[in-house]
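Examining the three-dimensional arrangement
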Amino acid sequence: MKTIICPTSDQHIDENVARLTGFQVALWLGVYLITDFYPIILFITIDYCVRMEPSRRHSPLSWISTRFLRWRKTPAQNIDKAPKLFAARVGFLYAAFICILYFFSSWLNVFVTAQLIGFALLESVLNVCVGCLVYTYWVLPFFEKEKS
């Protein structure tokens, strides 16, 4: 099996905040599936948009996660920020696609939303970064072919 390769940077974030934020995304998307309340997916899309910008400190959901973890006095576990930025960009594309699908295909909307819930739960519960898998198997091979 190929070794998983993640993008790297010199910036760091708290892994606990990232995982709790992912769990909140999964919860909110679950509420969206149950209620079909469109503003929820708009909120998730905006949250991903804020998180995918490297200079931004906190999205609304990560701000809540940070406050909750400070209240619980959970020690920070710093990890590389680049994989989370890449994953946020992929999440933004999914969320934006869900926003569009809302108007065209309810079954496809549910399917793509369920995928994003799965990705968020993999991150938050099992610490599996789907963004790193996408980067390793889809992005790197494309750029390696360009270099040849």
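This write-up is about the structure you can find in this document.

What counts as what
Per chain, the residues get numbers from 1 upward, laid out in the order the sequence is written. Confidence filtering applies because this is a predicted model: local features only for residues at pLDDT of at least 70, side-chain atom pairs given and counted only at 80 or more, and all residues used for totals across whole chains, interfaces and linings. With hydrogens and water excluded, all non-hydrogen atoms of the structure serve as input to the side-chain values. Only the six-membered ring of Trp is used, alongside the rings of Phe and Tyr, when aromatic pairs are assigned; centres must lie within 6.5 Å, and planes under 30 degrees apart are stacked while those over 60 apart are edge-to-face, with the rest tilted. Helical segments are the DSSP runs of H or I of at least four residues, strand segments are the runs of E of at least two, and each set is numbered from the N terminus. Note on geometry: axes are lines fitted to C-alpha atoms, helical ones only across the stretch in contact, with angles between N-to-C directions running from 0 to 180 degrees. Roughly parallel here means an angle under 35 degrees, roughly antiparallel means over 145, roughly perpendicular means 65 to 115, and every remaining angle is called oblique. For any helix crossing, the convention is left-handed if the near helix is rotated counterclockwise from the far helix by under a right angle, and right-handed if that rotation is clockwise. Residue contacts are defined here by distance: any two heavy atoms, one from each residue, within 4.5 Å place the two residues in contact. Amino acid classes used here: Ala, Val, Leu, Ile, Met, Phe, Trp, Tyr, Cys and Pro are nonpolar; Asp, Glu, Lys and Arg are charged; the rest, including Gly, are polar. Each patch is built from residues lacking any salt bridge and having more than 30% relative accessible area; the joining distance is 9 Å for like charges and 5 Å for nonpolar side chains (Val, Leu, Ile, Met, Phe, Trp, Tyr). Per-residue and other accessible areas follow the Shrake-Rupley method at a 1.4 Å probe size, with only the shown protein chains counted as cover for residues. Salt bridges are counted wherever a side-chain nitrogen of Lys or Arg sits within 4 Å of a carboxyl oxygen of Asp or Glu. Burial here depends on accessible area, computed with a 1.4 Å probe over protein chains only, as a share of the maximum for the residue type. Under 20% is buried, over 50% is exposed, and the range in between is partly exposed. Side-chain atoms within 4.5 Å are what join buried Ala, Val, Leu, Ile, Met, Phe, Trp, Tyr and Cys residues into a set we call a nonpolar core.

So, the packing of aromatic side chains
With the rule as written, the count across this model stands at five aromatic pairs. Ring geometry for Phe68 and Trp71: centres 5.8 Å apart, planes at 45°, overall tilted. Of this pair, Phe68 and Trp71 both sit in helix H3 (residues 60–71), three residues apart, which is roughly one turn of that helix. Relative to Phe119, the ring of Tyr94 has its centre 5.4 Å away and its plane inclined at 85°; by these criteria the two rings are edge-to-face. Residue Tyr94 is located in helix H4 (residues 82–101), and its partner Phe119 is located in helix H5 (residues 106–126); the two are separated by 25 residues in the primary sequence. The structure contains a cluster of three or more aromatic residues connected by ring pairs, namely Tyr38, Tyr102 and Phe103.

Overview of the packing of helix H2 (residues 38–51) against H4
The angle between the axes and the distance between the axes are what describe a pair of packed helices. Relative to each other, H2 and H4 sit at 155°, their axes nearing to 8 Å. Accordingly, the angle class assigned to the pair H2 and H4 is roughly antiparallel. Note on packing geometry: the crossing formed by H2 with H4 is left-handed. In contact with Tyr38, Ile41, Leu42, Ile44, Thr45, Tyr48, Cys49 and Arg51 of H2, H4 contributes Leu85, Ala88, Gly91, Phe92, Ala95, Ala96, Ile98 and Cys99. For the contact of H2 with H4, the class distribution of residues is 13 nonpolar, two polar and one charged.

Overview of a nonpolar patch on the surface
A cluster of nonpolar side chains, contributed by Phe23, Leu27, Leu121, Val125, Leu126, Val128, Leu133, Tyr137 and Trp138, occupies part of the molecular surface with about 840 Å² of accessible area. Listing elements by their share of the nonpolar patch, those giving two or more residues are helix H1 (15–35), H5 and helix H6 (130–147). In this structure, Leu133 sits in helix H6.

Considerations on the environment of Val125
Its place among the elements puts Val125 in helix H5. Exposure remark for Val125: the relative accessible area of 48% places this residue in the partly exposed category. In sequence terms Val125 and Arg19 are 106 residues apart; their C-alpha atoms lie 7.4 Å from each other.

Quick look at the nonpolar core
Membership of the largest hydrophobic core comes to 19 residues, with the highest contact counts inside it found for Val25, Leu29, Ile41, Ile44 and Tyr48. Sorting the residues of this core by element identifies H1, H2, H4 and H5 as the ones contributing at least two each. Look past the residues within four positions of Tyr48 in its chain and what remains in contact with it is Val25, Ala88, Gly91, Phe92, Ala95 and Leu116.

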